[in-house]
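Structural features, examined
Next come the chains, spelled out residue by residue.
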Amino acid sequence: LCLQVPELEKATVRIRQPERVRGIIRSLREQGVAKLQVISDFDMTLSRFGCNGRRCPTSHNILDTSRVISEDGKKKLKDLLHYYYPIEIDPNRTLEEKRPLMVEWWTKAHELLVQQKIRKDDIAQIVRESEAMLRYGHRMWDGFKEFFDQLHKNNIPLFIFSAGVGDILEEIIRQANVFYSNVNVVSNYMDFNDDGVLTHFKGPLIHTYNKNNSVLQGTGYFQQLSTRTSIILLGDSMGDLTMADGVPSVENILKIGFLNDKVEERREKYLDSYDIVLESDETLDVVNGILRYILTE
């Protein structure tokens, strides 16, 4: 398979069951373009984890650290992060324990953001001034562009499922000039009043550990795509593994996980859960290579 997808030779790639993965990729190709859909997380999956030795911001970070948030607001948001983030990634806590605490964290954070009277008109500028970056390719700019372009050109639906802030991540994609008609986002969206001021967040609340059917009720998205039974799933956390749970019938699914952080510590868990694990890889090379192989006649 490395002959057809040379990117799988990269040093960042780990695969526990190469034979199985080979089989899935072949099936995806045999099933053809008309049956394919891509389901992806956004923050630290389509966007970069690190740049120039620093952490890149998530869609929440972009907002939390922007000039529209008061110093007091920034401090409170940071306190929440320091309290809840260790809980989110704690390997010794069950999902049952984590879920209510994640709801608590997101709810408090959203309430703090609402208090800041953020204006809709400021969003584009906030994103422009941020250090948000989408994943690149072997030439700096081309990774995300090839990814979005290939999917759009072949009419392959891209479903982005994010616990981040929908308005911010949409703006990132828009400013990168790749927000095409085949892209559909489910995320936490802001609601603005007639004066364009943030009053609340629209429901349902999406956090790290409820990216599944429970928040898709009523969207009907996957129902319309019932013939799309081949899936490539892209994520960077354990919570992302359930993103395809709303798909009515899955024939083939290839799960690709970006292991961005604490690599040694989390490697086993990721290899158990994802078919392909990309360790500290800031590019979309492997994903694009697989797509190229599936899409060439």
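Rules used in this analysis
- Residues numbered from 1 in each chain as written.
- Predicted model: local features only at pLDDT ≥ 70, side-chain atom pairs only at ≥ 80, totals over all residues.
- Heavy atoms only, no water.
- UniProt positions renumbered as here; feature names shortened; annotations may be inferred.
- Helix = DSSP H or I, 4+ residues; strand = E, 2+ residues; numbered from the N terminus.
- Rg over C-alpha atoms; globule rule 2.2 N^0.38 Å.
- Buried < 20%, exposed > 50% of the residue type's maximum accessible area, 1.4 Å probe, protein only.
- Areas by Shrake-Rupley, 256 points an atom, 1.4 Å probe, with all protein chains shown as cover.
- Lys, Arg positive; Asp, Glu negative; His and termini not counted.
- Charge placed at Lys NZ, Arg CZ, Asp CG, Glu CD.
- Domains from an automatic or database assignment.
- Contact = heavy atoms within 4.5 Å.
- Buried area = accessible area lost by both parts, 1.4 Å probe.
- Polar contact = N/O pair within 3.5 Å; in protein donor to acceptor, adjacent residues only side chain to side chain.
- Nonpolar A, V, L, I, M, F, W, Y, C, P; charged D, E, K, R; others polar.
- Expected span 1.5 Å × (residues − 1).

As annotated in an unreviewed UniProt entry, the protein chain carries the name 5'-nucleotidase and is attributed to Erithacus rubecula. Among the UniProt annotations of the protein chain, the heading Sequence similarities (unreviewed entry) holds the following wording: "Belongs to the pyrimidine 5'-nucleotidase family." Comment text from UniProt for the protein chain, heading Subcellular location (unreviewed entry), reads "Cytoplasm".

Regarding the overall build of the protein chain
Counting its regular elements, the protein chain contains 11 helices and 11 strands. In summary, the protein chain has a C-alpha radius of gyration of 19 Å against a globular reference of 19 Å for 297 residues, a match within 12%. Across the 297 residues of the protein chain, 56% fall into the buried class. On the protein chain, roughly 13,700 Å² of surface is accessible, and the fraction owed to carbon and sulfur atoms is 49%. Looking at charge distribution, the protein chain has the averaged site of its 38 positive side-chain charges lying 1 Å from that of its 44 negative ones.

Some thoughts on the domain arrangement of the protein chain
Splitting the protein chain by domain gives domain 1 (6–52 + 132–295) and domain 2 (55–128). Listed by partner, the interface residues are 36 residues for domain 1 and 30 residues for domain 2. Taken together, both faces of the contact between domain 1 and domain 2 bury some 2,900 Å²; the carbon and sulfur share is 67%. Between the two partners, domain 1 and domain 2, sit 13 residue pairs in polar contact (both at pLDDT 80 or more). For the side of domain 1 that touches domain 2, the secondary-structure elements that each account for two or more residues are strand 3 (50–51), strand 5 (158–165), helix 7 (166–175), strand 7 (190–192), strand 8 (198–201) and helix 10 (263–273). The greatest single-element share of the side of domain 1 that touches domain 2, amounting to six residues, is contributed by helix 7. Across the side of domain 1 that touches domain 2, the residue classes break down as 18 nonpolar, nine polar and nine charged.

Quick notes on helix 6 (residues 142–153)
With 12 residues, helix 6 should reach 16 Å at 1.5 Å per residue; the first-to-last C-alpha distance of 16 Å fits that figure. Where helix 6 is concerned, the buried positions are Asp142, Gly143, Phe144, Phe147, Phe148, Gln150 and Leu151. Residues of helix 6 that are buried in the fold lie against strand 2 (36–40), strand 5, helix 7, strand 6 (183–188), strand 9 (230–235) and helix 11 (285–295). Looking one or two residues past helix 6, asparagine 155 carries a phi angle of roughly 55 degrees, positive in sign.

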